[in-house]
Amino acid sequence: MTKKILIYQVLPRLFGNRNVTHQENGSIAENSSGKFNTFDQSILKRIHQLGFTHVWFTGVIRHATQTDYSAFGIPRCHSAVVKGKAGSPYSITDYYDVDPDLAENVVCRMEEWEALIARTHEEGMKVIIDFVPNHVSRQYHSISKPYGKKDLGEDDNVEKGFDPQNNFYYCVGQKFDPQFDLLQNEESPYIEYPAKVTGNDRFDAHPGINDWYEAVKLNYGVDYLAGRQCHFDPIPDTWYKMKDILLFWAGKGVDGFRCDMAEMVPVEFWKFATEAVKLRYPDLIFIGEVYDPNQYRNYIASGFDYLYDKVGMYDCLRGIIRSERPASSITYEWQRTDDIHDHMLYFLENHDEQRIASDFFCGNAWKAIPAIIVLALMRSNPFMLYSGQEFGERGMDKEGFSGLDGRTTIFDYWSPDTLSRAYSDRRKLTDDERALAITYKKILTIANGEKAIREGEFFDLMYVNPASWQFNPREQFAFIRKKDDEVILIISNFSGNHVTANVIIPTHAFEFLHLPEKTVAATDLLTGDTQLVNLKKDTVFPSEIEPFSGKIFKFSVKMNDNEYLFNEHNKDEFPPAHTAEHLLNQLMVRMFGCERSHNAHIERKKSKISYILDHKPSRQEEKEIERTMKQLIEDDLDVTYELKSRYDLPEGIQLDRLPSNAPDMVRLVRIGDYDVCPCIGKHVRSTGQIGKFVMLGTNWDEKTHVFRIRFKIVP
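J.: Is there a simple way to explain the sheet that holds strand β30 (residues 665–671) in this structure?
T.: Hydrogen bonds between backbone groups are what pair the strands of a sheet, and the pairing can be parallel or antiparallel. Ordered in space as β29-β30-β31, the three strands form an open sheet in which the pairing is antiparallel. Of all strands in the sheet, those with a lone pairing partner are β29 (639–645) and β31 (675–678), marking the two edges. Adjacent strand axes in the sheet meet at a mean angle of 25°, parallel and antiparallel pairs treated alike. Alignment of β29 against β30, held across seven bridges, turns out to be antiparallel. From the neighbouring strand, Thr 640 faces β30, where its bridge partner is Arg 670. In the packing of helix α15 (residues 575–592) onto the sheet, contacts are made with β29, β30 and β31, and the angle to β30 comes to roughly 80°.

J.: I keep staring at the sheet that holds strand β22 (residues 518–524) and nothing clicks. Help me out?
T.: Taking strand neighbours across the sheet as the criterion, the six strands line up as β17-β18-β19-β26-β22-β23 in an open arrangement whose pairing is antiparallel. Two strands in the sheet have a free side with no partner beyond their single neighbour: β17 (457–460) and β23 (530–535). This sheet shows a mean twist of 25° between the axes of neighbouring strands, independent of strand direction. Inspection of the sheet shows β22 paired to strand β26 (residues 549–556) by two bridges, in the antiparallel sense. Each residue of the ladder has a partner; that of Thr 523, found in β26, is Lys 554. The strands that helix α10 (residues 369–377) touches are β18 (476–483), β19 (486–493) and β26; relative to β19, the one it contacts most, it runs at about 150°.

J.: How should I be thinking about the packing of aromatic side chains in this particular structure?
T.: Two measures describe an aromatic ring pair: the distance that separates the ring centres and the angle between the ring planes. All told, the structure shown has 43 aromatic pairs when counted by the stated rule. Aromatic side chains Tyr 8 and Phe 52 sit 4.8 Å apart centroid to centroid with 45° between the ring planes, which places their arrangement in the tilted category. Remark: Phe 52 occurs in the loop between α3 (41–49) and β2 (54–57) and Tyr 8 occurs in strand β1 (residues 6–10); sequence separation between them is 44 residues. The exposure classification of Tyr 8 matches that of Phe 52, with both residues buried. Geometrically, the ring pair formed by Phe 541 and Phe 553 is tilted, given 5.1 Å between the ring centres and 45° between the ring planes. Of this pair, Phe 541 sits in strand β24 (residues 539–541) while Phe 553 sits in strand β26, placing them twelve residues apart in sequence. The class for Phe 541 is buried, based on a relative accessible area of 1%.

J.: Can you walk me through the pairing of β30 in this structure?
T.: Along any regular strand the residues' side chains alternate between the sheet's two faces. The buried fraction of β30 is high, at six of seven residues. Between β30 and β31, which pair antiparallel one after the other, the connecting turn spans three residues, and Gly 672 there sits at a positive phi close to 50°.

J.: Help me out: how do you make sense of helix α16 (residues 619–634) in this one?
T.: End to end, α16 covers 23 Å across 16 residues, agreeing with the expected 22 Å (1.5 Å per residue, within 8%). Within the span of α16, buried status applies to Glu 622, Ile 625, Thr 628, Met 629, Leu 632 and Ile 633. Each buried residue of α16 lies within a common arc of 135° when the element is viewed along its axis, so the set occupies one face. Turned more than 90 degrees away from the buried face of α16 sit Arg 619, Gln 620 and Lys 623, all of them exposed. On its buried side, α16 packs onto α15, β32 (692–701) and β33 (706–714). Looking one or two residues past α16, Asp 636 carries a phi angle of roughly 55°, positive in sign.

J.: What is the right way to look at the pattern of salt bridges in this model?
T.: When the charged atoms of two side chains lie near each other, side chains of opposite charge can form a pair. Scanning the model with the defined rule gives 48 salt bridges in all. Between Asp 163 and Lys 160 there is a salt bridge, with its nearest N and O atoms 3.1 Å apart. Among the residues examined, Lys 160 registers a relative accessible area of 38% and is labelled partly exposed. Residue Lys 554 pairs with Glu 450 through a salt bridge whose shortest N-O separation is 2.6 Å. Placement of Lys 554 in strand β26 and of Glu 450 in the loop between α12 (431–449) and α13 (451–455) is noted, with a sequence separation of 104 residues between them. Note on accessibility: Lys 554 and Glu 450 belong to one class, buried.

J.: What am I meant to see in the environment of Lys 196 here?
T.: Relative to the elements of secondary structure, Lys 196 occurs in strand β8 (residues 195–196). On the basis of relative accessibility, which here comes to 17%, the residue Lys 196 falls in the buried class. For the pair Lys 196 and Val 158, spaced 38 residues apart in sequence, the C-alpha to C-alpha distance is 9.2 Å. Among all residues touching Lys 196, those that are not within four sequence positions of it are Arg 138, Phe 168, Tyr 169, Tyr 170 and Val 216.

J.: Sorry, what's going on with the state of the cysteines here?
T.: Defined simply, a disulfide is a covalent bond joining two cysteines at their sulfur atoms. Tallied over the full model, the rule gives zero disulfides. The thiol of Cys 316 is unpaired, and the distance to the nearest cysteine sulfur, on Cys 362, comes to 15 Å.

J.: How should the nonpolar core be read in this particular structure?
T.: Nonpolar side chains in soluble globular proteins tend to be buried together. With 177 residues, the main nonpolar core has Trp 113, Ile 330 and Leu 377 as its most contacted residues. Among the elements that line this core, the one with the most residues is α10, at eight residues. Excluding anything up to four places from it in sequence, Leu 377 contacts Ile 443, Ile 446, Ala 447, Ile 453, Phe 479, Arg 481, Ile 490 and Ile 552. Core analysis: the second largest hydrophobic core is formed by 34 residues, Phe 592, Val 639, Cys 679 and Val 684 among them.

J.: Quick question: what am I supposed to make of the side chain of Asn 465 here?
T.: With respect to the element layout, Asn 465 can be found in the loop between β17 and β18. Assessed through its relative accessible area of 2%, Asn 465 is described here as buried. A polar atom in the side chain of Asn 465 sits 2.8 Å from the backbone nitrogen of Ile 504. Not counting residues up to four positions away in its chain, the partners in contact with Asn 465 are Phe 471, Pro 473, Asn 502, Val 503 and Ile 504.

J.: It is not clear to me how the environment of Met 378 should be interpreted in this structure. Could you clarify?
T.: Relative to the elements of secondary structure, Met 378 occurs in the loop between α10 and β16 (383–386). On the accessibility criterion, Met 378 (0% relative accessible area) is buried. Considered as a pair, Met 378 and Glu 544 are 166 residues apart in the sequence and their alpha carbons are 20 Å apart. Setting aside residues up to four positions removed in sequence, Met 378 forms contacts with Met 313, Ile 330, Trp 334, Tyr 346, Ile 373, Phe 458, Phe 477, Phe 479 and Arg 481.

Procedures and definitions
- Residues numbered from 1 in each chain as written.
- Predicted model: local features only at pLDDT ≥ 70, side-chain atom pairs only at ≥ 80, totals over all residues.
- Heavy atoms only, no water.
- Pairing = 2+ DSSP bridges.
- Helix = DSSP H or I, 4+ residues; strand = E, 2+ residues; numbered from the N terminus.
- Axes fitted to C-alpha atoms, helices over the stretch in contact; angles between N-to-C directions.
- Contact = heavy atoms within 4.5 Å.
- Phe/Tyr/Trp six-rings, centres within 6.5 Å; stacked < 30°, edge-to-face > 60°.
- Buried < 20%, exposed > 50% of the residue type's maximum accessible area, 1.4 Å probe, protein only.
- Expected span 1.5 Å × (residues − 1).
- Arc of directions from axis to C-beta.
- Salt bridge = Lys/Arg side-chain N within 4 Å of Asp/Glu carboxyl O.
- Disulfide = S-S within 2.5 Å.
- Core = buried A, V, L, I, M, F, W, Y, C linked by side-chain atoms within 4.5 Å.
- Polar contact = N/O pair within 3.5 Å; in protein donor to acceptor, adjacent residues only side chain to side chain.

What follows is the structure, given as structure tokens:
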């Protein structure tokens, strides 16, 4: 199966930190740090179950920090050229080492990282790390480089400001003299002579506090002070050194690189490096941070698999969420990169950007849900999410160096509240945070669970849906995806109001997607609700959409006209009890090897459910049933829906209890990874909403081996 790449970005220093001291400008002793080992199998499994295929572990390679690890043979960094107590993950001090902050045992830090790579692979996901090619820490010195490798700058001629074979640029005859104090509470000031050129292309010895003063620029053979003349023959020494670093990490089992500020490094180097790496590791991917749309195609041609779509799609959707741009402007943005759309990486948060829920963005995480629906489902290209986004992390902490700016710090030792609660005790999440996470999971599950999204055709419906009483292109965006006989119509509502959105599907869409005119049963994959729609050219597809939400209608064009009723039953369900019925069925199957219930009466006040067992359960087994049900409810498992062809169902799904005239399309109800069952009934959004499960009693019929359980749900 072709998979859509879904990336979960984590900063392990923050993600795994359960310390809630929250001391501003706190040291690692005060605020602590997350570790590689925090990512155990259970946490990785939870990330995978959210729908992610890749984890981007940010800040793995050893960088400058104010924490003293000299007792372990690691050179100490001068605080004057380190931003924040923890330091920037993009101020690399040793390309061949990993951050000691992240290790339980500093001496074994590389082994702990390799073990995390292995665990991530075992859970079915791939590993991405940062490659920082443009600049390094001012005090770069590798103590871990392989035998025979020379350090960056080791053979540089410091008497030349530029030399094609130098690794750095120099301010000849000048000492490093920035526009700030170089003492910074140290016993002696930081000294650098001759001064190296600062990482953000500051070609003098006097960077300011807002420059990348902690970093020095690497020399790839471009003479910036002579009109950017390129000296690539012979190949610059830096090219070889950086290629070797990439191969080193690929050899550790890394599956991809997110390349920081890739456009500040010449495309000629990237072609040289990506070809060399992919020759040995053909499946490895390169993701480039490139912000100039005019350069996109050059970097893709040089070997990049994916590029940030920041100044295009990100900026567009941020503007829509903030009511600064119309939703219809999405069309212009995807059209600008349509020829390379498979290479564009969509996102709405990362470590550089402000949190959606922050006061600096829009102050409400739910406002972004329509945008997430668009980004995750519109095309087949990758989508990235920053950890905490799915819980509505606000980024409104004043952590230290980063200040109060709506971002989650990368410079400080800290523990974002949402991540700390979500991955230590999910019961501490608020109802709103839990509901938001469930919504994200549903969208991401659809992104990879539906072949029409993974690999289907795309048709933008905006050109035939101008402003009218039935559609507002400033606040709604609509498109269709189709693969084989499966069609998904998606409508996003960026408005804070409940809206009627009657979407016109034009003749051109019918012809392009090979759609027949017929009545279809369309199921909203977010809610499980089904409606009958007369699918005809140039007529409307009706929908009612909640504020800051969307509809993801799936239907089959293969169904016969009489196949509109799904696997219905006659119960007028009380959703909490009906969801409990699903859990109890699966629990009994697992405990006793029996089939799901053959006779059930599920009601609001009390319910009865029967199973055929090979023995009468003991009192201890009855207690275990009640205990496990309580635990499953406390685990707050997500309830999601899928619409599948009866001929393409997951293994283990039995249809023998469906009526003989049941349709081709079957609605599956999933409860976490615990249970999946064909059902049209109503359910709660997660098991935590069921309430308290109370066993009222049991009966055993020795003759028929029927075991009946009586239970009730207490809200």
